[in-house]
Amino acid sequence: MTTLPADCLLPAAAEEYRIRSADGHWIHAAAYGPEDAPLVVLAHGWTCSTRFWAPVIHQLLPDHRVVAYDQRGHGRSDRPVTPAGYTTVKLADDLAAVLGRVVPAGRRAVLAGHSMGGMTIMAAADRAEVADRTAAVALVSTGAGDLLAELKVVPDAVRGGLRRFLGRQLLHSRLPLGPVTPLSRAALKYATMGPATPADRAEVNARIVHACPAGVRHRWSLVLGSLDLYAQLGRLAAPTAVVVGTHDRLTPPVHSHRILAALPVPEGLLELPGVGHMSPVERPAEVAGEIRRLVRSHLNTARKVAE
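Note that the structure is predicted; figures quoted are calculated from it, not measured. Per chain, the residues get numbers from 1 upward, laid out in the order the sequence is written. This being a predicted model, a pLDDT of at least 70 is required before a residue's local features are given, and a value of 80 or more before pairs of side-chain atoms are given or counted; all residues contribute to the totals for chains, interfaces and linings. Only hydrogens and water are set aside; all other atoms, that is, all heavy atoms of the structure, feed into the side-chain values.

A. Expanded view of helix α11 (residues 253–262). Working definition: with a 1.4 Å probe on protein chains only, accessible area under 20% of the residue-type maximum means buried, over 50% means exposed, and in between means partly exposed. Put simply, DSSP H or I for four residues or longer makes a helix, DSSP E for two residues or longer makes a strand, and each gets a number counted from the N terminus. Residues of α11 that are buried include every one of Pro-253, His-255, Ser-256 and Ile-259, and no others. Seen end-on, α11 carries its buried residues on one side only, within an arc spanning 150 degrees. On the buried face of α11, the contacting elements are α3 (116–123), β6 (134–140), α5 (147–150), α10 (230–233), β7 (240–245) and β8 (266–272). The directions from the helix axis to the C-beta atoms are what the arc is built from. Only heavy atoms matter for contacts: two residues are in contact if any of them lie within 4.5 Å across the pair.

B. Highlighting the pattern of salt bridges. Within this document, salt bridges are pairs made up of a side-chain nitrogen of Lys or Arg and a carboxyl oxygen of Asp or Glu, the two lying within 4 Å of each other. This model, assessed by the stated rule, comprises 17 salt bridges. Notably, a salt bridge pairs Lys-90 with Asp-23, separated by 3.6 Å at the nearest N-O pair. Here the residue Lys-90 occupies a position in helix α2 (residues 88–102), and Asp-23 occupies one in the loop between β1 (15–20) and β2 (26–32), the gap between them amounting to 67 residues. According to the relative accessible area criterion, Asp-23 is partly exposed, its value standing at 36%. The closest approach of N and O atoms between Arg-283 and Glu-286, which form a salt bridge, is 2.8 Å. Through salt bridges with shared partners, a single network forms among Asp-23, Arg-72, Lys-90 and Asp-94.

C. Local environment of the packing of α2 against α3. Fitted lines through C-alpha atoms serve as axes, helices being fitted only where they are in contact, and the angles separating the N-to-C directions of these axes extend from 0 to 180 degrees. Orientation of α2 relative to α3, taken along the N-to-C sense of each, is 85 degrees, at an axis distance of 8 Å. Between α2 and α3, the interaxial angle falls into the category roughly perpendicular. Two secondary-structure elements touch here, α2 through Thr-88, Leu-91, Ala-92 and Leu-95 and α3 through Met-116, Thr-120, Ile-121 and Ala-123. Gly is put with the polar residues, along with every residue not named as nonpolar or charged; the nonpolar set is Ala, Val, Leu, Ile, Met, Phe, Trp, Tyr, Cys and Pro, and the charged set is Asp, Glu, Lys and Arg. By residue class, the composition of the contact of α2 with α3 is 6 nonpolar, 2 polar and no charged. Just so you know how the angles are binned, under 35 degrees is roughly parallel, over 145 roughly antiparallel, 65 to 115 roughly perpendicular, and the rest oblique.

All we've got here are geometric facts, nothing functional implied.
Quick look at the structure:
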């Protein structure tokens, strides 16, 4: 059995939360690091959980207070019982509830969202209760729409309607993933990670993704397949940095360039050579470094002015 990297195991939480969202749904969150340190809130992507952020959390400790939460249906958060529980509006509701609980009055946080977590931040861009608690944003390996049209999992030689059809079949599959096997791990690595990703990090990725219930994976895939958050980007008032891997097959760099062009306050684009979609696991130092840069530029400065 593959030994997992130490930084891919979550540290002991300083505090855990059970947070009630607007529709009564319960969200699990956990905080790491000193309570009075600069605050960072992390939102994970489709089929993942707070475990996904472990390498970045280790990079940010001990001089940040890091809060990560499980998106609804994932990890230790409750699973919606009807299709109505699976919408970008619900994701925005959940983010607003989390920030309302973990960001103390008068403080703000740097938000980082990976994949569906980035889409969550975009969906909440018009929420005053989110904007008031946000100092800056990092959108990591994500897109605002047209996901099926730009999917690179299907070989480039396949074009037109067949390409879109195959992409849809892969995205919307209802099949349980079952236990992690060498074949499933290799297939998932091809689809979600760069070719040079070490075997132990591919194993971490597979265990996290395989743990997502098939029904939850399918329901959220339907939301992603029809995603259109371009209008929301123009409402994201916080300074926002964008991060993407050059080998991202799920949300290729074209998405990041579109996002950057639409942002009111763009903070630049960080492209990670050879990296796939799971950049926080593949290259946590660089992802955490971009979050640290936002903290230094927009959170620490604001705290000094307040003092």
